[in-house]
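# Survey of secondary and tertiary structure
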Amino acid sequence: MRRHGALPVPQAGLRPFLVRVLSVMLVCGHVPSALAAYTLPDMIDTAMQYNPALGIAAAQRDAAQAAVTTASTYSNPQVEAVMGPSRYLTPGGQGDNRNWNVGLSQPLEYPWVRDARIAAAESGTKVADAGTELIRIELRSRVKNAFYDVIQRKAVLKLVEGDRNLLQQIRERVKLRVEVGEAPRYELIKADTEALAAERDYQSALVRVNEGKAYLRGLLGSSIPIEYDVEGELPMGYGLPSLEKLRDQVVHSPQLSQVRAATETAEAKLKLEERLRNPGLTLKASVEEDPDLRQMRFGVAIPLPLWDRRQGPIAAASADVRQTQATLHDRELGLRRDMEAAYQRYLIAQQQLAAFENGLLSQAESVLKVAEAAYRYGERGILEYMDAQRTFRLVRKDYLAAKFDYVSSMLEIERLLGTELLEVKP
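First, a word on what this report is: a plain description of the structure on this page. What you see as residue numbers is a count from 1 along each chain, following the sequence as written. With pLDDT at 70 or above as the cut-off, local features in this predicted model cover only qualifying residues; side-chain atom pairs require 80 or more to be listed or tallied, and sums for whole chains, interfaces and linings still use all residues. Working from all heavy atoms in the structure, the side-chain values ignore hydrogens and water.

### A closer look at the side chain of Thr265
So the rule is basically this: A run of H or I in DSSP counts as a helix once it spans at least four residues, and a run of E counts as a strand once it spans at least two, with each numbered from the N terminus. Burial here depends on accessible area, computed with a 1.4 Å probe over protein chains only, as a share of the maximum for the residue type. Under 20% is buried, over 50% is exposed, and the range in between is partly exposed. It only takes one pair of heavy atoms within 4.5 Å for two residues to be counted as in contact.
If you trace the backbone, Thr265 turns up in helix α7 (residues 254-275). Classification of Thr265 as buried rests on a relative accessible area of 9%. When residues no more than four places from it in sequence are discounted, the contact partners of Thr265 are Ala120, Ser123, Gly124 and Val127.

See below:
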């Protein structure tokens, strides 16, 4: 008997056969290579190098450092030169009828004003540094969440692909039974409906995988090819500490660190505005020559805060301090609220996983096996078997969704606290 499979090729005709195969390959194009596969560490490293948000943060850090340089710079001196004709008002005056004046002035800030200006600029660099760190943490968390989302969607795609193939096989068997008169026509209609639904689910799952990959690629700055694959699995071996311990970690969140730095900046600007009431003085020196006289002058000019005592700028800076303090309190409350909500989702997902793994999956599989055996032996119809098959698919999909919810809730808490709860292994 001839085995099913590839047709045998005679040895004598092997060379012409290979020539024909190569010709077909040249005409049809090259054989597509496997897609490049990326792990989670690859994705994170690529995002840290090419994501534009980090470039924006770096530019903001440079601008804050430039503000420190500006605050540390001394004011330039000013040179003034004046000359013109002279005319004697008393009779008998003789000599040169020209006069000239050369003056030099140097503004100087008081040391306490200069220190306050530099402190305000340096606190701006702390805000920029905290913002850069926050962007890194946010980007890392988003990449991890998007990566695991693609992993979960691929698992769903594999699941529905198997269901589609199985339902197509069932449909062919039902069709054969209907053609030979062993089953009524409505069973074929039911099988066709289930097969079409499985095909629809497969196409939908395929689109969702491509959508997840596109979003993940967008986080990496488009530095990877459009067509790629990911390698990894959901980190199900991790858990969270108690809610009390997580509450204690909220105060160390990078989000609060950024707001605290902004509060320090506002307080430094308020101190600067208060000291700018008496900003400094101006040293002056000049030489003046008339036709009969040469004079040298040295002096100092000090502004007097009589009319403008900077009430407006001081009040605005004080309002900024109160606003940042209120923002810090509001952000801390919001972090605690969001963290506790994410922790509740974590507990719910944990309970769901326990329910699936402690009996729900095995029960659904057992029901399916019983229904399949009963259908094969003619004890039940196709409708009962299809219902059991559909229930088993839904249970497995819900199980995959619960696994992703479990990981996603931990990633959300990780993002809020700014700590790595799910370790990224190379």
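### With respect to unusual backbone geometry
The phi dihedral of Arg310 is positive, around 55 degrees, even though this residue is not glycine. Structurally, Arg310 is set in the loop between β6 (294-301) and α8 (311-376). Take Arg310: its relative accessible area is 22%, and that puts it in the partly exposed class.

### Notes on a nonpolar patch on the surface
The line we're drawing: Here, patches come from residues exposed beyond 30% relative accessible area and free of salt bridges, joined within 9 Å for like charges and within 5 Å for nonpolar side chains (Val, Leu, Ile, Met, Phe, Trp, Tyr). Exposure was quantified through the Shrake-Rupley algorithm and a 1.4 Å probe, taking into account, for residues, occlusion by the shown protein chains and nothing else. Only one rule defines a salt bridge in this text: a Lys or Arg side-chain nitrogen within 4 Å of an Asp or Glu carboxyl oxygen.
A cluster of nonpolar residues, Leu108, Leu283, Val300, Ile302, Leu304, Leu306 and Trp307, forms a patch on the protein surface that exposes about 790 Å² of accessible area. By the secondary structure assignment, Leu283 is in strand β5 (residues 280-289).

### Concerning the pattern of salt bridges
Considering all chains together, one arrives at 28 salt bridges under this definition. Salt-bridge contacts for Glu109 lead to Arg117; the nearest nitrogen and oxygen are separated by 2.6 Å. Look at Arg117 and you get partly exposed, because its relative accessible area is 27%. In the salt-bridge network here, residues are joined through shared partners; they are Asp163, Lys190, Glu194, Asp387, Arg390, Arg393 and Arg396.

### A few points about the packing of aromatic side chains
For the record, the criterion: Each Phe, Tyr or Trp ring, with Trp reduced to its six-membered ring, pairs with another whose centre is within 6.5 Å; inter-plane angles below 30 degrees give stacked pairs, above 60 give edge-to-face pairs, and intermediate values give tilted ones. Charge over a ring is defined by NZ of Lys or CZ of Arg lying within 6 Å of the ring centre and within 35 degrees of the ring normal.
Taken as a whole and judged by the stated rule, the model has 6 aromatic pairs. Residues Tyr38 and Tyr228 carry aromatic rings whose centres are separated by 6.1 Å and whose planes lie at 75 degrees to one another, so their mutual orientation is edge-to-face. Taken as a pair, Tyr38 in strand β1 (residues 37-38) and Tyr228 in the loop between α5 (185-219) and β4 (229-230) lie far apart in primary sequence, 190 residues in all. On the basis of relative accessible area, Tyr38 is assigned to the buried category, the value being 18%. Taken together through their ring pairs, the aromatic side chains of Tyr343, Tyr346 and Tyr406 make up a single cluster. A cation over an aromatic ring shows up here: Lys213 above the ring of Tyr228, its NZ or CZ 5.9 Å from the ring centre.

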